[in-house]
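Structural description and commentary
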Amino acid sequence: MSDLRELYQQVILDHNKSPRNFRKVEDANRSSEGYNPLCGDHLHLYLKVEGDVIRDIGFQGSGCAISKASASLMSSALKGKTKGEAEALFKRFHDMVTGDVEAPPDTEGLGKLVVFAGVREFPARVKCATLAWHTLNAALKGEDKPVSTE
Amino acid sequence: MSAAYLSLARSGETPDGAFDAEKVRADFPILKRRVYDRPLVYLDNAATAQKPQAVIDAVERYYSAENSNVHRGVHYLSQRATCAYEGARARVRGFLNAAEDREVVFTRGTTEAINLVAQSYGRGHVREGDEIILSEMEHHSNIVPWQMLCEERGAVLRVIPVNDRGELLLEEYERLLNKRTKFVSVVHASNVLGTVNPVQQIVKMAHRWNAPVLVDGAQAVPHMRVDVQEIDCDFYAFSGHKLYGPTGIGVLYGKIGLLEAMSPYQGGGSMIRSVTFEKTTYAEVPNRFEAGTPHIEGGIGLGAAIDYVNEVGLDAAAAYEEGLLAYATEALRGVPGLRLIGTARQKVGVLSFVMGDIHPHDIGTILDREGVAVRAGHHCAQPLMQRFGVPATVRASLAFYNTREDVDALVRGLHRVREVFG
């Protein structure tokens, strides 16, 4: 049960129930689609990028609590960040959720995203936690074909 | 010990004839293990069933005492291996009540069996503008091979719809049948809904239009006695691993007249009579469809699984499973917010459900930590998910070794889910 509480932290449950930035960005100039065929998680990500900076970000779609909360928290974390900062954050996030379960998680610079540290204990859920981030990567690279976690 | 006593003391029966699930459980070593320090509650039998000691022993015996290639060696071991492998074919014949052993083709599983028919029979008979009828509740393995054939041939897929309970609408099926119908392929028991389809009637209706029928029996054979002559289907496919046997082995039954008229599926060793660079002549059925060294221990393991299932007694097991399904259905209906998907009048022990806004994947994770193994997802039946307007479901599927305690553990787990998600 402690593992489960670690995974389904209050912040995650809250963002699942009331996801932030859960909307289409009307003046978006980048967008991408992410799909996890294993569980059917599906999301559209919209970005408004000015120069190097992410000015606005929103998403729509359906998915499990982990994928939805991850997209929500990611969108909150990235507003105003540069593309380079976003990529660095993804790397840190990815390292945390796939890290060694025996060692304490490296949460430096992750801010609120540390609530996903519990995902390390649930390898089957890593794809849920990273779907939004993979979709972000595709949007930033301007790829228009859907991203799949498989 | 008298013969009468021995027959009463079969694995699944108590001396008074009732089904003894506890006794059956003892035959499955994995059911004794714990996960996350809790007893394993295995409710993912529609994905794959656990293996009884008799199957594990048969595979081990083959490798430690009989390992050799089949059908070609003159030496002792090869004869032993051939005998064991072909003995398994004879057991499958008996299990399905096929007319002869030659009607049993070994494949990698249900998927390969369907592909074999789509490629080998389909390419020989399906032309532009022809129609193939499937149902809305098919597994992807009974959709995609036909779709590939249709694309290649310019043929059209027609789909029998289901009602809200998850039963096929036979009057719609009747309307779909016509002189362009060249094949019908339907599932016997749905892997998502549990619905048992009236396959005998479906076959009869197709035969009026001279359309042959394949029945996908992957989810049916573990739960009921199947008689292919009674059903009168032209092809029947199933997988060994859902029938308590090994993975990688499956069966295609085909009426001998149809199989004999079909071209080979894959080319290679074992499937030929003679080869020159100018011309190859093919072996007789079933070898014509079994190119290459087969999955020998898989076949032997499947034979052992069939022996085991016969010993347990499928009729007694089916009656027991029916009672357990009724118990589980009632128990799940008592969980607030839970909606069962698949409430057909004729069902095997498959319980698909959703719970309010809680995503099936989250439910699956929480149940897993309670030691309860279920499946969460679209179950390789995306068109059916669309029909019921859900992205995914949780699926608990029963076997004859499951008990009411297993169902109770599932229900406790679902209450835990509600706690976590408040």
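Worth saying up front: this structure is predicted, and the values here are computed from it rather than measured. (Residues numbered from 1 in each chain as written. Chains lettered and ligands numbered in written order. Predicted model: local features only at pLDDT ≥ 70, side-chain atom pairs only at ≥ 80, totals over all residues. Heavy atoms only, no water.)

**A short note on the confidence of the model for chain A**
Caution applies to low-pLDDT parts of the model: their predicted coordinates are not meant to be read in detail. Scored by pLDDT, chain A comes out at a mean of 91, with 95% of its residues at no less than 70. Least confident of the elements in chain A is strand β4 (residues 147-148) of chain A, whose mean pLDDT is 72; most confident is helix α3 (residues 65-78) of chain A, at 96. (pLDDT = per-residue confidence, 0-100. Helix = DSSP H or I, 4+ residues; strand = E, 2+ residues; numbered from the N terminus.)

**Focus: the layout of surface pockets**
There is about 630 Å³ of room inside the largest pocket. Asn16(A), Gly356(B), Asp357(B), Ile358(B) and His359(B) are, among the 29 residues lining the largest pocket, the residues nearest its centre. Looking at the lining of the largest pocket, the elements that each hand over two or more residues are α2 (10-17) and α3 of chain A together with β14 (350-355), α13 (360-369) and α15 (404-420) of chain B. In the lining of the largest pocket, the residues fall into 12 nonpolar, 9 polar and 8 charged. Approximately 440 Å³ is the volume found for the second largest pocket. Forming the boundary of the second largest pocket are 19 residues, of which Glu322(B), Leu325(B), Gln346(B), Lys347(B) and Val348(B) lie nearest the centre. Looking at the lining of the second largest pocket element by element, the count peaks at 7 residues for helix α12 (residues 314-333) of chain B. Classifying every residue of the lining of the second largest pocket by side-chain character gives 8 nonpolar, 6 polar and 5 charged. (1 Å grid on protein atoms, 1.4 Å probe; cavity = no way out; pocket = protein on both sides within 12 Å on 5 of 7 lines; lining within 4 Å. Points joined across faces, edges and corners; volume = space filled by probe spheres on them. Nonpolar A, V, L, I, M, F, W, Y, C, P; charged D, E, K, R; others polar.)

**Here's the deal with empty space enclosed by the protein**
Space left empty within the atom packing is revealed by a probe, the size of a water molecule, rolled over the atoms. Enumeration over the complete set of coordinates arrives at 3 cavities of 30 Å³ or more. Looking at the largest cavity, its volume works out to about 70 Å³. In terms of lining, the largest cavity is formed by 13 residues, of which the most central are Asn45(B), Ala46(B), Gln219(B), His223(B) and Leu398(B). The residue inventory of the lining of the largest cavity, partitioned by class, reads 7 nonpolar, 5 polar and 1 charged. Taken as a whole, the second largest cavity holds about 50 Å³ of empty space. Phe22(A), His42(A), Leu43(A), Phe59(A), Gln60(A), Gly61(A), Ser62(A), Gly63(A), Ser67(A), Lys68(A) and Ala71(A) together form the lining of the second largest cavity. Looking at the lining of the second largest cavity, the elements with two or more residues in it are β2 (41-50), β3 (53-62) and α3 of chain A. The biggest single contributor to the lining of the second largest cavity is β3(A), with 4 residues. Classifying every residue of the lining of the second largest cavity gives 4 nonpolar, 6 polar and 1 charged.

**Details of the pairing of strand β10 (residues 250-254) of chain B**
Residue and element names in this part refer to chain B. Burial within β10 is extensive, with 5 of its 5 residues counted as buried. Burial along β10 is two-sided: the residues Gly250, Leu252 and Gly254 and Val251 and Tyr253 are all buried. Here strand β4 (residues 104-107) runs beside β10; their pairing, made up of 4 bridges, is antiparallel. Residue pairing in the sheet places Thr107 in a bridge with Gly250 of β10. Note: strand β9 (residues 235-239) against β10, 5 bridges, orientation antiparallel. By the bridge assignment for β10, Ser239 is matched with Gly250. (Buried < 20%, exposed > 50% of the residue type's maximum accessible area, 1.4 Å probe, protein only. Pairing = 2+ DSSP bridges.)

**Notes on the sheet that holds strand β1 (residues 30-36) of chain A**
Residues and elements named next belong to chain A. Read from one edge of the open sheet, 4 strands run β3-β2-β1-β4, paired in mixed fashion. Looking along the sheet, the strands with just one partner apiece sit at the ends: β3 and β4. Direction of pairing for β2 relative to β3: antiparallel, over a ladder of 9 bridges. Pairing of Val49 across the sheet is with Ile54, part of β3. Packing against the sheet, helix α5 (residues 126-140) makes contact with β1, β2, β3 and β4, and its axis sits at approximately 150 degrees to β1. (Contact = heavy atoms within 4.5 Å. Axes fitted to C-alpha atoms, helices over the stretch in contact; angles between N-to-C directions.)

**Observations regarding the interface of chain A and chain B**
Many authors give the size of an interface as the accessible area that is lost as the parts come together. With 23 residues of chain A at the interface, the matching set in chain B holds 16 residues. Carbon and sulfur atoms supply 54% of the area that chain A and chain B bury against each other, a total of about 1,500 Å² over both sides. The interface formed by chain A and chain B includes 2 salt bridges. Here Arg125(A) makes a salt bridge to Asp362(B), at a shortest N to O gap of 2.8 Å. Where chain A meets chain B, there are 8 residue pairs in polar contact (both at pLDDT 80 or more). For the side of chain A that touches chain B, the secondary-structure elements that each account for two or more residues are α1 (2-7), α2 and α3 of chain A. With 4 residues, α1(A) is the single largest residue contributor to the side of chain A that touches chain B. Each residue belonging to the side of chain A that touches chain B can be placed in one class, and the counts come to 15 nonpolar, 2 polar and 6 charged. (Buried area = accessible area lost by both parts, 1.4 Å probe. Salt bridge = Lys/Arg side-chain N within 4 Å of Asp/Glu carboxyl O. Polar contact = N/O pair within 3.5 Å; in protein donor to acceptor, adjacent residues only side chain to side chain.)

**A few points about the packing of aromatic side chains**
Here the structure, examined in full by the defined rule, presents 21 aromatic pairs over all chains. What links up through ring pairs into an aromatic cluster is the set Phe19(B), Phe28(B), Tyr244(B), Tyr308(B), Tyr320(B), Phe400(B) and Tyr401(B). Over the ring of Phe122(A) we find Arg369(B); its NZ or CZ atom is 3.8 Å from the centre of that ring. Its guanidinium or amino end placed over the ring of Phe388(B), Arg387(B) lies 4.8 Å from that ring's centre, counting from NZ or CZ. (Phe/Tyr/Trp six-rings, centres within 6.5 Å; stacked < 30°, edge-to-face > 60°. Lys NZ or Arg CZ within 6 Å of the ring centre and 35° of its normal.)

**Examining helix α3 (residues 53-66) of chain B**
All names here are of chain B. Between the first and last C-alpha of α3 there are 18 Å, a value that for 14 residues agrees with the 20 Å anticipated at 1.5 Å per step. Those residues of α3 that sit buried are Val55, Ala58, Val59, Tyr62 and Glu66. Around the axis of α3, the buried residues are gathered within 100 degrees of arc, so they sit on the same side. Opposite the buried face of α3, by more than 90 degrees, sit the exposed residues Glu60 and Ser64. (Expected span 1.5 Å × (residues − 1). Arc of directions from axis to C-beta.)

**Structural notes on the nonpolar core**
Grouped together as the largest cluster of nonpolar side chains are 157 residues, with contacts concentrated most on Phe116(A), Leu96(B) and Tyr236(B). In contact with Tyr236(B), other than residues within four places in its own chain, are Leu96(B), His188(B), Val215(B), Gly217(B), Ala220(B), Val221(B), Val226(B), Val228(B), Ile231(B), Val251(B), Leu252(B) and Tyr253(B). Grouped together as the second largest cluster of nonpolar side chains are 25 residues, Leu134(B), Trp146(B), Phe183(B) and Ile256(B) included. (Core = buried A, V, L, I, M, F, W, Y, C linked by side-chain atoms within 4.5 Å.)

**A word on the environment of Arg158(B)**
Residue and element names in this part refer to chain B. Summarising the element assignment, Arg158 is placed in strand β6 (residues 156-160). With relative accessibility at 28%, the residue Arg158 sits in the partly exposed group. For Arg158 and Asp315, which are 157 residues apart along the polypeptide, the C-alpha to C-alpha distance reads 35 Å. Not counting residues within four places of it along the chain, the set of residues in contact with Arg158 comprises Glu131, Ile132, Ile133, Leu134 and Leu176. There is a polar contact of 3.1 Å between the side chain of Arg158 and the side chain of Glu131.

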